[in-house]
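Inside the fold
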Amino acid sequence: MATAHPVVVSLFDLQSGDISFDTLQEAFGPESLGILVVKDVPSQFPRLRHQLLSYASYMGNLSEPDFEKFTNEAAKYLVGWSKGREKLKDGGADEYKGSFYANCAFYVDPSLESAMPTEKFLLKDFPEYLAPNSWPPNEMLPGFKPTMEEMCSLIIDTAVLVARACDRFAEKEIPGYPSAYLEKVVKSSSTTKARLLHYYPMPEEAMAKGQEEDNWCAVHKDHGCLTGLTSAMFIDELKTDSHVPTSFGQKVADLLPTLEELPMSPDPQAGLWIKDRKGVPVQVKIPKDCIAFQTGEALERITRGKFKAVEHSVRGAYAKGVARNTLAVFTQPNLEDEVDLDQHVSFGDFARGIIAKNTV
């Protein structure tokens, strides 16, 4: 098992603009792993991570009638609850993973639940990005929405600083590159999406197959700019009750209790795997107190290939009763923002085909 060590930078250096071009090339360039880890993140991050990733298990253990209350089939399951809608490596549906998608338009305007339609992109034609959020009712998962919004905002704040560093490089290395373009895209976008993921404990029949790769999501590239990632949280759901407590009486709790986190993954191969530039899969582990950022296809096109999108896949845990939870925040341009500055291709046009290819 090959383990790679990504480039690590301090949030303080991002804030002061003290990230060298060599460091950016090592993290995102043509020979890189396409991932940058940020340390020294705000002090509330560990608390928010533990809280939000606990909610992933609470959500995953709701009932089917509960799921129906925040599922949106018309939006191709890209807002609200989704399970069994993503393709696995073998082309089948991923039945062992549930996720909650949220539009992060609240980052731009707290009153927004999605991007606003335009003359070119109408709700009826593009519900994946324009349908409003489908939040679970607060009485079902008390405190979930504000926790999700606070965590996503923190990650996007950090992504803005990473984008600023990328712009400094691009303005020097790419002729005609618009000033502060990527930072403006990340900071002003109402189409950024977050995905809270719950990898269910492997059922007995899957465990019996041994260490096969049938529970890997297909190798893919993200199609946004920068994908913010937390480290995964592993929970032994045989020992830790991951159902929403019912003992609050008549008062709805402000927050659900955090769940006990295993100190490490019981399956050393579970987690994020990146294909290096030679095509060899290597495992990347993100520290609990850090945020990682992966490169996406929109960033590659915006920077004319100076920064390369990364191929990656994710593997669930082969350990009885153990769930894996994590959060990904896909910072993406607004639908009419250009991702190809030479051919004038908008992000909305670019994204359409990719969504159709990745869903079952």
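Calculation rules
- Along each chain, numbering runs from 1 in the same order as the chain's sequence is written.
- Given that this is a predicted model, residues contribute local features only at a pLDDT of at least 70 and side-chain atom pairs are listed and counted only at 80 or more, while totals for whole chains, interfaces and linings are drawn from all residues.
- For side-chain calculations, the full set of non-hydrogen atoms in the structure is used, while hydrogens and water are omitted.
- Counting from the N terminus, the helices are DSSP H or I runs at least four residues long and the strands are E runs at least two residues long.
- To sort residues, take the accessible area from a 1.4 Å probe on protein chains only and compare it with the maximum for the residue type: under 20% means buried, over 50% means exposed, and anything in between is partly exposed.
- Geometry is summarised by axes, namely lines fitted to C-alpha atoms with helices restricted to the contacting stretch, and by angles between N-to-C directions that run from 0 to 180 degrees.
- When an angle is under 35 degrees it counts as roughly parallel; over 145 it counts as roughly antiparallel; between 65 and 115 it counts as roughly perpendicular; any other value is oblique.
- Left-handed describes a crossing in which the near helix is turned anticlockwise from the far one by less than a right angle; the clockwise case is right-handed.
- Whether two residues touch is decided by their heavy atoms; if any such pair falls within 4.5 Å, the residues are in contact.
- Polarity classes work like this: nonpolar for Ala, Val, Leu, Ile, Met, Phe, Trp, Tyr, Cys and Pro, charged for Asp, Glu, Lys and Arg, and polar for all others, with Gly in that last group.
- Working definition of a nonpolar core: buried Ala, Val, Leu, Ile, Met, Phe, Trp, Tyr and Cys residues. They are joined through side-chain atoms within 4.5 Å.
- By definition here, a salt bridge exists when the distance from a side-chain nitrogen of Lys or Arg to a carboxyl oxygen of Asp or Glu is within 4 Å.
- For Phe, Tyr and Trp, rings pair up if their centres lie within 6.5 Å, where Trp contributes its six-membered ring, and each pair is then called stacked (planes under 30 degrees apart), edge-to-face (over 60) or tilted (otherwise).
- The criterion for a charge sitting over a ring is simple: Lys NZ or Arg CZ within 6 Å of the ring centre, and within 35 degrees of the ring normal.
- Polar contact is the term for a pair of N or O atoms within 3.5 Å; when the atoms are in protein, one must be able to donate a hydrogen and the other to accept it, and sequence-neighboring residues count only if both atoms are side-chain atoms.

Moving on to unusual backbone geometry. Glycine aside, residues mostly have negative phi, and peptide bonds are mostly found in the trans state. Backbone geometry at A180 places phi at a positive 55°, although glycine is not the residue there. Although it is not a glycine, H344 sits at a positive phi angle of roughly 60°. Here H344 lies in the loop between strand 14 (338-340) and strand 15 (345-346). You can call H344 exposed: its relative accessible area is 54%.

Look at helix 6 (residues 144-173) against helix 7 (residues 181-188): their axes get within 7 Å of each other, and the N-to-C directions meet at 165°. Comparing their axes, helix 7 and helix 6 come out roughly antiparallel. Regarding helix 6 and helix 7, the two cross each other, and that crossing is right-handed. Residue-level inspection shows I156, A159, V160, A163, R164, C166 and D167 of helix 6 in contact with helix 7, the latter providing Y181, L182, E183, V186 and K187. Classifying every residue of the contact of helix 6 with helix 7 gives eight nonpolar, no polar and four charged.

It is worth spelling out the nonpolar core at this point. F100, F144, M148, V162, L182, L196 and L327 are the most contacted members of the largest nonpolar core, which has 80 residues in total. Tallying contributions element by element places helix 6 first for this core, with 16 residues. Once you skip the residues sitting within four places of it in the chain, L327 turns out to touch L52, L53, M148, M151, I155, A194, R195, L196, G228, L229 and T230.

Counted according to the given criterion, the structure contains 13 salt bridges. For K145, the salt bridge goes to E113, with nearest N and O atoms at 3.2 Å. Linking K145 in helix 6 with E113 in the loop between strand 5 (97-103) and helix 5 (127-130), this pair joins segments that are 32 residues apart in sequence. On the basis of relative accessibility, which here comes to 24%, the residue E113 falls in the partly exposed class. We note a salt bridge from E183 to K187, for which the minimum N-O separation is 3.2 Å. With E183 and K187 both in helix 7 and four residues apart, the pair spans about one turn of that helix.

Next up on the list: the packing of aromatic side chains. The final tally for this structure, using the stated rule, is 17 aromatic pairs. When the ring of W135 is compared with that of F144, the centres are 6.0 Å apart and the planes differ by 65°; the resulting orientation is edge-to-face. Just as W135 is buried, F144 falls in that class too. An aromatic cluster is defined as three or more aromatic residues linked by ring pairs; in this entry it consists of Y55, Y58, F67, F70, W81, F100, W135 and F144. Geometry around Y200 places K83 over its ring, the cationic atom sitting 4.5 Å from the centre. The ring of Y199 has R324 sitting right over it, with the charged end atom 5.1 Å from the ring centre.

Its location among the elements puts P137 in the loop between helix 5 and helix 6. Overall, the relative accessible area of 26% leaves P137 in the partly exposed class. As for P137 and Y55, which are separated by 82 residues in sequence, their C-alpha atoms are 13 Å apart.

The next subject is the side chain of T147. Within the secondary structure, T147 sits in helix 6. At 2.8 Å, the side chain of T147 forms a polar contact with the backbone oxygen of G143. Not counting residues up to four positions away in its chain, the partners in contact with T147 are L48, Q51, L52, Y55 and L255.

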